[in-house]
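# Chains, contacts and geometry: an overview
Residue-level listing of the chains:
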Amino acid sequence: MDKILEAVVMSSYPNNVKQGLVRRVIEAAKQPMDSEQCWSMLELSTKLFLTGDTKYKREIGKEVLEVYGHYHPEEFEEFFNVRFLLSLLQEGYGPLGKRSHYVLDYIQLGLQFVLESPSANSIFNLLRIEVLRKVCERPSPKQCAKISKLLTQHPQCIPTGKHQILFCQQLIRCIGQFQCISEGEDDIMEFLEQVNKVSGLLQRIWRAQTSAILPSLKELFTIISSTEEQEAPSNALASVVQFVPLELMDGVIRNLTNDDSITDVQMMTAISRMIDWVSWPLGKNIDKWIIALLKGLAAVKKFSILIEVTLSKIEKVFSKLLYPIVREGALSVLQYMLLSFQHSHEAFHLLLPHIPRLVASLKKEDSNSATSSLEQLAELIHCMFFRFSGFPDLYEPVLEAVKALPIPNEDRIKHLLGQNAWTSQKNELACFYPRLASKSETGKIGLINLGNTCYMNSIIQSLFMASDFRHSVLNLAEGNSQPLMTKLQWLFAFLEHSQRPAISPESFLSASWPPWFTPGAQQDCSEYLKYLLDRLHEEEKTGKRIYQKLKESSFMSQAIEQHYLNKTLIEKMFGGKMITKIRCLKCLNVSSREEAFTDLSLAFPPPDRHVLSTGSASVLPVEEIGPQFIEPPGTSSQIMGSPWIKRKPHVSGDHAANIVPVETLGFQEPGNQATSLNSNAVGTDSAKDPLLAFGEQTCSPKDSRSVPDLINYFLSPEKLTAENKYHCEKCASLQDAEKVAELTEGPHYLILTLLRFSFDPRTMRRKKILDNVSIPLVLKLPVLVAPEESEDVWQRRKDRAAPGSSFVSVIYDLCSVVVHSGISSESGHYYCYSRECSDTIAHGQPRDGAQEPASDKHRPHGEPSLNKDLMEAISKDNILYLQEQEKEARNRAAYISALPKSPLWWRDFDRDKDDDSSSGGCSPAAGGGGSGSFHGLVF
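Conventions adopted
Residues numbered from 1 in each chain as written. Predicted model: local features only at pLDDT ≥ 70, side-chain atom pairs only at ≥ 80, totals over all residues. Heavy atoms only, no water. Phe/Tyr/Trp six-rings, centres within 6.5 Å; stacked < 30°, edge-to-face > 60°. Helix = DSSP H or I, 4+ residues; strand = E, 2+ residues; numbered from the N terminus. Buried < 20%, exposed > 50% of the residue type's maximum accessible area, 1.4 Å probe, protein only. Lys NZ or Arg CZ within 6 Å of the ring centre and 35° of its normal. Polar contact = N/O pair within 3.5 Å; in protein donor to acceptor, adjacent residues only side chain to side chain. Contact = heavy atoms within 4.5 Å. Pairing = 2+ DSSP bridges. Core = buried A, V, L, I, M, F, W, Y, C linked by side-chain atoms within 4.5 Å. Axes fitted to C-alpha atoms, helices over the stretch in contact; angles between N-to-C directions. Left-handed = near helix turned anticlockwise from the far one by under 90°. Nonpolar A, V, L, I, M, F, W, Y, C, P; charged D, E, K, R; others polar.

### Thoughts on the packing of aromatic side chains
In this structure the tally under the stated criterion is 24 aromatic pairs. Between Tyr-455 and Phe-517 the ring centres are 5.8 Å apart and the planes differ by 70°, which places this aromatic pair in the edge-to-face class. Of this pair, Tyr-455 sits in helix H24 (residues 454-465) while Phe-517 sits in the loop between helix H27 (506-512) and helix H28 (525-553), and the two are 62 residues apart along the sequence. Pair check on accessibility: Tyr-455 and Phe-517 agree, each one buried. Their ring planes at 85° and their centres at 5.3 Å tell us that Trp-516 and Tyr-531 sit as a pair that is edge-to-face. Taken together, the positions of Trp-516 in the loop between H27 and H28 and Tyr-531 in helix H28 put the pair 15 residues apart, joining distant regions of the chain. Among the aromatic residues, those joined into a cluster by ring pairs are Trp-39, Phe-49, Phe-76, Phe-79, Phe-80, Phe-84, Tyr-106 and Phe-113. A cation over an aromatic ring shows up here: Arg-470 above the ring of Phe-464, its NZ or CZ 4.8 Å from the ring centre.

### Description of the side chain of Ser-239
By secondary structure assignment, the location of Ser-239 is in helix H13 (residues 238-241). The exposure class of Ser-239 is buried, given its relative accessible area of 1%. Among the polar contacts listed, one links the side chain of Ser-239 to the backbone oxygen of Ala-236, at a separation of 2.5 Å. Among all residues touching Ser-239, those that are not within four sequence positions of it are Ile-175, Val-195, Ser-199 and Trp-280.

### Some points on the pairing of strand E4 (residues 590-597)
Where strand E3 (residues 576-584) and E4 come together, eight bridges link them in antiparallel fashion. Each residue of the ladder has a partner; that of Arg-583, found in E4, is Val-590. Where E3 hands over to E4, the hairpin turn is made up of five residues, of which Leu-588 adopts a positive phi near 65°.

### Let's talk about the nonpolar core
Ranked by size, the top nonpolar core spans 201 residues in total, and within it Leu-111, Leu-334, Phe-469 and Phe-492 carry the most contacts. Tallying contributions element by element places helix H21 (residues 368-387) first for this core, with ten residues. If we ignore the near neighbours within four places in the chain, the residues touching Leu-111 are Phe-80, Ile-123, Phe-124, Leu-127, Leu-150, His-154 and Cys-157. Ranked by size, the runner-up nonpolar core spans 27 residues in total, among them Leu-602, Leu-750, Tyr-831 and Tyr-833.

### Digging into the packing of helix H17 (residues 303-319) against helix H18 (residues 324-340)
It is the contact of H17 with H18, at a shortest axis distance of 10 Å, that shows an interaxial angle of 145°. Between H17 and H18 the crossing geometry is left-handed. Residues Val-309, Thr-310, Lys-313, Ile-314, Val-317 and Phe-318 of H17 form the contact with H18, whose participating residues are Ala-330, Val-333, Leu-334, Met-337 and Leu-338. Residues belonging to the contact of H17 with H18 are distributed by class as follows: nine nonpolar, one polar and one charged.

Pasting the structure below:
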């Protein structure tokens, strides 16, 4: 029968004729026959399957084998023996040079018929050894896929014990050498399928034996971190990582980043090759592993690796966004690489030439994937604009490309930048490194206490949080002939963009320090603030006078003239006006004097003094609605508010001195004029938490006062009698009189100073008033307006001031509170609570008729563009800081690794020393100061 079958197969008959004859032979094979005939047929079918030169011949061999395996199991088992299989696996089948490629397929086919035979275990043992030997020989992807298919169908043949771990490692070695030899679509798809089968076998083994995972990953890292191989390992290794359980990620990354045996070059090589895996189309979770490793390196402060890897790979990652199949993972990696690279604009600027083309391509694609990616890309780009705003000319083409896409709000941008910065990544050993602490979770930067300079630090932080003032300072043009303002601009810029957790204001202190202050001694923050604002104001006025002289001696453009003839920045932001009126009680003549102010100094009324009277028809009634923040005894505050509505009423004529009390507003329903804003309470000597919960309803103690009480006292009439009589020019003599102060222009930012320090004539010393003071979230300040303006103002405000009233209310919400903790004016500590306060006037809109700076047209967000010199200085200092941190972290790691493994070894790190200094600095206004003095920071 074997001769007949062979003759039929080798004949020149048409295939349909051959098929009929073969079918008869196969049907006859189902009948009983002698052992010799079975062997002959098995040998022929084996020959056809393994060496057939056409697919048709191999299919016939397969059919015959299956029939004999099913209908003649004893003869098949005898034929399919261990010795025969060993010869197939070690020697192959067929003539030399033309060994069959189908040995593994043949074994897989035959195994199904001997699973229950007595020889099955011997065959399994043989195959466990042989498949390990095979993978050690680095077979091709096709042969590896056949091994994987065999073992997936017959897991009894998978090596066990130590051999199983070795098998997994060698299989990973094989994958590392896989290469697709053709660029044809069919060949690529076949290659991907082969890789998937091999990695799928690894997944099966790992699921059954989790102890094999970590040795496999160690082998994988050894491959990708090798610097000796001339050819890079295959990206097919990405298929291995996708099957590693994500719950193992933290432990694996922690071990890798803290392994002292891994050199920087090896780590850099490994992470670079992992980033190349974003181009692997079948990888899942690859982006998660790449980002986790980048974060792990940041946590142990290996910044030099991160910098080099990011700059060398970010363009390649960006280019993968063109391909939908790998776009999602590539975008995730790109987002982290850009958002974490905050010390310099270099990485983002590498992408600028490519962004418009990519945006155009994604728009043309018109798919859900492209639309989603465009929105995420636009968000990422605006984050970079916000972070590196000093290059408007470079950004113009990119702005044009993304102008139709959504723009994220500023809070979203700050959140993304804050959570992804390298310096924000936490190390599990951070508690042992007090000097390596990262930036505050708020994203804000501290100021180093230079020795009793908390009064200055608190003021600077409060001014910085006044967003409109900060924007104006940061937007100051170069060559402005205002040296102190320039130093403030540099200091603000570093507070906004530095990667340090704290910077040194040493340069600004030396420039702004009042000459009568004693070095190293505690000073009054109010006195410092007044001196600082006055210096800034006078400096700008001097500059205006210089430009006025230039105008008189030369031709000057109208725009420049308009700019320099406007109010100074201090006047615009903090300047208000009040009129003081004195009425003679004899002749009723009223004299008045208008004066400007930058703060209202609020004295405490006598304990028996009742401030508010509501007898006048023009009184705006006092409201106490919503939470009031209580300043407990032992604290003193300076309060800064920001108006929700800007008012500029003119000075009125003589009016009756009516008492117009201050109102406070709390939480109201959305849509009302006064909406709720979160704020922080003040107080350190109180038994309660100094930060009251937002929205918590608290009531002022009966014996406490409120800020509105103090303002009402400030605005209430004062009798001038006895030794304090007023000299009336009309009466030409001293007369009893009444003096009253009325506000005629509310400042943009209202600064209130509580005069807690008073002079005690009995002890001839200054003492501190320790009364409780409640601070409202929102304040209505009465401002006097001219009669002809009051009706128009009322129409626009729609508050409860009636038409024709002499007063309107300017609304302020609480921005900052500077607190003095202590009971003496000569000692204690200043600190501040501050928050960003939103204004109804959008940032960048002109105020008071001022021209919007030309650079603002490039600004997509509230933070203005910084000049290039300033951006470069910040970038250089950020790099210096990263270098300092990396060096310190390595020294600490080396020290820790040398310590005895005692459970108490870490206690020595609790003792922080003040003599540790850093070379970091940010000239001319801010200094690095490193991170060695965290106990002295003001956040």
